[in-house]
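Below are the chains, spelled out letter by letter.
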Amino acid sequence: MKHEAIVLFAHGARDPNWALPARRVVAEVQKLRPEASVSLAFLELMSPSLVEAVDAAAAAGATTLRIVPLFLAQSGHLQRDVPALLDAARARHPGCQIDLATAVGEDAGVVAAMAVYAAGGGRPAPG
């Protein structure tokens, strides 16, 4: 039986509140895909790491894992660091299909939503 895990992957920061928007995205994805396991992982400064999240998903029985970078662009870390992390994860979990999605900021729908927000659809920042 096929079990899917979706790992949302963010950069990470020292301030724990930085992750709150990403955690809200996890909750929304879980509502959209209740049959999948949805989790959050970080490149640095926060946990779990991407490696830890993949290991946990595989240990929970996931046979397919979709890694979704919550990054604006497909560059830097996603070109240099993440492929090596995923190669290592694939070697540790040969029974799992591990796929890396394009950075969310590269999606036309996300770009359009950011444009609407910037054009005045967003609420003013507190302060």
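Everything below is about the structure printed above this text.
Treat the numbers as computed from the prediction; the structure is a model and nothing was measured.

### Considering the pattern of salt bridges
A complete count under the given rule lists five salt bridges for this structure. Of the charged contacts, one joins Glu28 and Lys31 as a salt bridge, the two residues approaching to 3.2 Å between their closest N and O atoms. Of this pair, Glu28 and Lys31 are both found in helix H1 (residues 20–32), three residues apart, which corresponds to roughly one turn of the helix. The exposure class assigned to Glu28 is partly exposed, which follows from its relative accessible area of 43%. On the accessibility criterion, Lys31 (61% relative accessible area) is exposed. In this structure, the salt-bridge partner of Arg33 is Glu35, at a minimum N-O distance of 2.5 Å. Taken together, the shared-partner salt bridges connect Glu4, Arg33 and Glu35 into one network.

### Observations concerning the packing of aromatic side chains
Counted under the stated rule, the structure contains two aromatic pairs. Here the aromatic rings of Phe9 and Phe71 are separated by 5.7 Å at their centres, their planes lie at 35°, and the arrangement is tilted. You can see Phe9 sitting in strand S1 (residues 4–10) and its partner Phe71 sitting in the loop between strand S3 (64–69) and helix H3 (77–92), a full 62 residues away along the chain. Judged on exposure class, the residue Phe9 and its partner Phe71 are both buried.

### Details of helix H2 (residues 50–59)
For H2, every residue scored as buried is listed here: Leu50, Ala53, Val54, Ala57 and Ala58. With its buried residues spanning 130° around the axis, H2 presents them on a single face. Packing partners of the buried residues in H2 comprise S1, strand S2 (37–42), S3, H3 and strand S4 (97–100). Immediately beyond the C-terminal end of H2, within one or two residues, lies Gly61, with a positive phi of roughly 105°.

### Digging into the pairing of S3
Side-chain positions along a regular strand alternate between the two faces of the sheet. In terms of burial, S3 is largely enclosed, as five of its six residues are buried. As paired elements, S3 and S4 share four bridges and run parallel to each other. Residue Thr64 lies in a different strand from S4, and its bridge partner there is Gln97. Handedness of the β-α-β unit built from S3, H3 and S4 comes out right-handed.

The rules we used
- Residues numbered from 1 in each chain as written.
- Predicted model: local features only at pLDDT ≥ 70, side-chain atom pairs only at ≥ 80, totals over all residues.
- Heavy atoms only, no water.
- Salt bridge = Lys/Arg side-chain N within 4 Å of Asp/Glu carboxyl O.
- Helix = DSSP H or I, 4+ residues; strand = E, 2+ residues; numbered from the N terminus.
- Buried < 20%, exposed > 50% of the residue type's maximum accessible area, 1.4 Å probe, protein only.
- Phe/Tyr/Trp six-rings, centres within 6.5 Å; stacked < 30°, edge-to-face > 60°.
- Arc of directions from axis to C-beta.
- Contact = heavy atoms within 4.5 Å.
- Pairing = 2+ DSSP bridges.
- Right-handed = clockwise from strand over helix to strand, strands pointing away.

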